[in-house]
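So you can see what is in the structure, the chains are spelled out below.
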Amino acid sequence: MTVTDDPTSSSTSGSGSEISGAEIRLEEVTKTYPGQEVSAVKSLSLTIPAGEIVMFVGPSGCGKTTSLKMINRLIEPTSGTITIGGDDVRSRSADELRRTIGYVIQGGSLFPHMTVAKNIAIVPKMLGWDADRIRQRTDELLELVSLDPARYRDRYPRELSGGQQQRVGVARGLAADPPVILMDEPFGAVDPITRQRLQDELLSIQRELRKTIVCVTHDIDEAIKLGDRILILQEGAEVAQYDAPEAVLASPANDFVADFVGAGSSLKQLSLTRIAELDLSEVPTARVGEPTAEARARAQAAGHDHLIVLDDHDRPTAWPWLRQLKGETIHRGEEDLVNLDHRATLNDALDTMLTSSHGAAVVTGDRDRYLGVVWFDTVTSFMRQQQEALAEEGSGA
Amino acid sequence: MWQFFLDRQPQFWALAYGHALLVLLAVVIGTVIGVAVAVVVTRQPRLAPVANAISSIGLTLPSFALVGLLLPLTGIGPISALICVTFYAIFPVMRNAVVGLQGVDATLVESARGMGMGQVAVLRKVQLPLAWPVILAGIRVSTQMSIGVAAIAAYVLGPGFGAWIFTGLTQIGGVNAEAYVLIGTLAAVVIALVFDLVLLALGRVTIPKGIRA
């Protein structure tokens, strides 16, 4: 297993790393298909700031996917200009342009006849990287998306689960380190728990890399969770609202947005509050390979009847009760522990807790490093406080 | 009959070589043409029914008739035989190539384009490899058919066991007539089996593990 130091990685939270993305501007972009009177996209103007995630949402047929595909020229606009980092996208051939833009679509869309490593290497190969550099980069990317390179490098897509395929899809999109990444319903084809994990991982990766990510989704909750900004589109790609998620929820621009965001927007606030805003609790930890007796003594001294097992990379692997500990040394544990990224929302936290035997969730930071534990009570009391604060504001006004 | 075979061994091996070579050439040329037409056809969806119709009509054309039709054009000789066998070799490959190429998931093609692969690269690295198992199945059918057609093409002096089969048939009731027909036919069957085994092995080697059934 090769762990390569990524120059852009940083152990502190996001704001420390440098923006590697580029600004995208759309000016009066229109797409009219021949033989159709109504334009699919009608003079759309938009600035997507460098290093941000912008979510395109809207009902089906609103032109969100068309708008996305015009950025990498899979669809050529009828009129208007699109620039990336100040350069007109038409200043180069479409193929050259696309090699500098990551493209991730639903299900990962991996080529079934190529191994994981070959799939990831496609763009670097076209760019003429040498074999050593490609191998190094592939392993680095697999690490980044939490797949062990030694285990997964030579597998074929059909030997992977849906979530793993999607991870490889993301790694492939990042392969040549493009400043801009386009995603089309990237997590549409996986189950809800896997989707939540993949979303958390994407946020964690984005904290390290600070790319400009444009992502199409039909799921407003996903948009609220992932987006630094949300672009809500009406038919003909008419901009209904383009703003931060908080602003969209707090003051929808019109009835269409209000309807689309839906009722229960106070519940949706749960999707806005990140775990990072809560106080995490300490729980005794033990390393894989450590003598069981020592770990047990430490946990008991701290007054706990359980502990969290961490591996060499500080990643939590299991959360056993002390009575479940067997053998001379601590082992990884069989259970598939569901971790919460600290950028996950309270909504996700509640979901995860429901499936946990501890009524709590393990919170992890960058590259799945262990941070602490969040208890069900912590979440509910936080919500109560917020409600009280809101009520006070209301009576004060 | 064994004695008959031993007496004519040098001739036998020459015929076997001729027959196999004729089929090999015809199938290789047929595959190239068939796949090329399929690539064009799948790019122009309007052409697909036309191609299917032509291949249906082509396959119903009796090979003996085609031999007759070719005679005034290309004369007597191995070239006529090659043209005739190749003509039939094209269709099964073409049909399967059309089906195989159409079966490649459109999102995979778009994904490849989205990563900056040119049209030729998409064809070479994505579409053809994914359609290959189906194309190869077409090549196997085509090879079996070509071995039969090649026997008939002996009528225009094409190389192969057709020569013995026709010799036997024209002198039926004669001393060695049965031996000529029987050995010629059996030899063609053996060649067919050998070719099929080779193609099966080729599939093992060339079909990527990720899509092997």
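Residues numbered from 1 in each chain as written. Chains lettered and ligands numbered in written order. Predicted model: local features only at pLDDT ≥ 70, side-chain atom pairs only at ≥ 80, totals over all residues. Heavy atoms only, no water.

(A) Quick peek at the overall build of chain A. The number of helices and strands found in chain A is 14 helices and 16 strands. Rg of the C-alpha trace for chain A: 23 Å, near the compact-globule value of 21 Å for 397 residues, within the 12% margin. On the principal axes, the C-alpha backbone points of chain A span a range of 75 × 65 × 35 Å. Among the 397 residues that make up chain A, the fraction classed as buried is 51%. Intrachain contacts of chain A at a sequence separation of at least 6 include 66% that bridge at least 24 residues. For chain A, the exposed area adds up to about 17700 Å²; of that, 47% sits on carbon and sulfur atoms. (Helix = DSSP H or I, 4+ residues; strand = E, 2+ residues; numbered from the N terminus. Rg over C-alpha atoms; globule rule 2.2 N^0.38 Å. Buried < 20%, exposed > 50% of the residue type's maximum accessible area, 1.4 Å probe, protein only. Contact = heavy atoms within 4.5 Å. Areas by Shrake-Rupley, 256 points an atom, 1.4 Å probe, with all protein chains shown as cover.)

(B) Here's a closer look at the interface of chain B and chain A. Taken together, the 20 residues of chain B in the interface contact 21 residues of chain A. Of the roughly 1900 Å² buried where chain B meets chain A, counting both sides, 61% is carbon and sulfur surface. Three residues, B:Glu110, B:Met115 and B:Gly210, lead the burial of chain B against chain A; their summed loss comes to 31% of the area buried on that side. Along the contact surface separating chain B from chain A lie two salt bridges. (Buried area = accessible area lost by both parts, 1.4 Å probe. Salt bridge = Lys/Arg side-chain N within 4 Å of Asp/Glu carboxyl O.)

(C) Structural view of the packing of aromatic side chains. Per the stated rule, a full pass over the model turns up 12 aromatic pairs over all chains. Between B:Phe87 and B:Tyr88, the ring centres sit 5.3 Å apart and the planes meet at 85°, which makes this aromatic pair edge-to-face. With a relative accessible area of 26%, B:Phe87 lands in the partly exposed category. Taken together, B:Phe4, B:Phe5, B:Phe12, B:Trp13, B:Phe161, B:Trp164 and B:Tyr180 form an aromatic cluster joined through their ring pairs. A cation over a ring is seen here: A:Arg133 above A:Trp129, with NZ or CZ 3.7 Å from the ring centre. (Phe/Tyr/Trp six-rings, centres within 6.5 Å; stacked < 30°, edge-to-face > 60°. Lys NZ or Arg CZ within 6 Å of the ring centre and 35° of its normal.)

(D) Spatial organisation of helix α8 (residues 162–170) of chain B. All names here are of chain B. Of all the residues in α8, the buried ones are Gly-162, Trp-164, Ile-165 and Gly-168. Taken around the axis of α8, the buried residues stretch over an arc of 165°, which confines them to a single face. Check the buried side of α8 and you find it contacts α1 (2–7), α2 (9–43), α7 (119–152) and α9 (177–206). (Arc of directions from axis to C-beta.)

(E) Region of interest: the domain arrangement of chain A. Residue and element names in this part refer to chain A. For chain A, the assigned domains read domain 1 (14–262) and domain 2 (276–381). Once you take the C-alpha centre of each, domain 1 and domain 2 turn out to be 33 Å apart. At the interface, 12 residues of domain 1 touch 17 residues of domain 2. Among the residues domain 1 hides against domain 2, the three largest losses belong to Gln-196, Arg-197 and Arg-207. Together they make up 39% of the total. In this assembly, domain 1 and domain 2 are joined by two salt bridges. Its salt-bridge partner being Asp-348, residue Lys-225 comes within 2.5 Å of it at the nearest N-O pair. Summed over the shared surface of domain 1 and domain 2, the result is two residue pairs in polar contact (both at pLDDT 80 or more). Of the residues in the side of domain 1 that touches domain 2, the class split is three nonpolar, three polar and six charged. (Domains from an automatic or database assignment. Polar contact = N/O pair within 3.5 Å; in protein donor to acceptor, adjacent residues only side chain to side chain. Nonpolar A, V, L, I, M, F, W, Y, C, P; charged D, E, K, R; others polar.)

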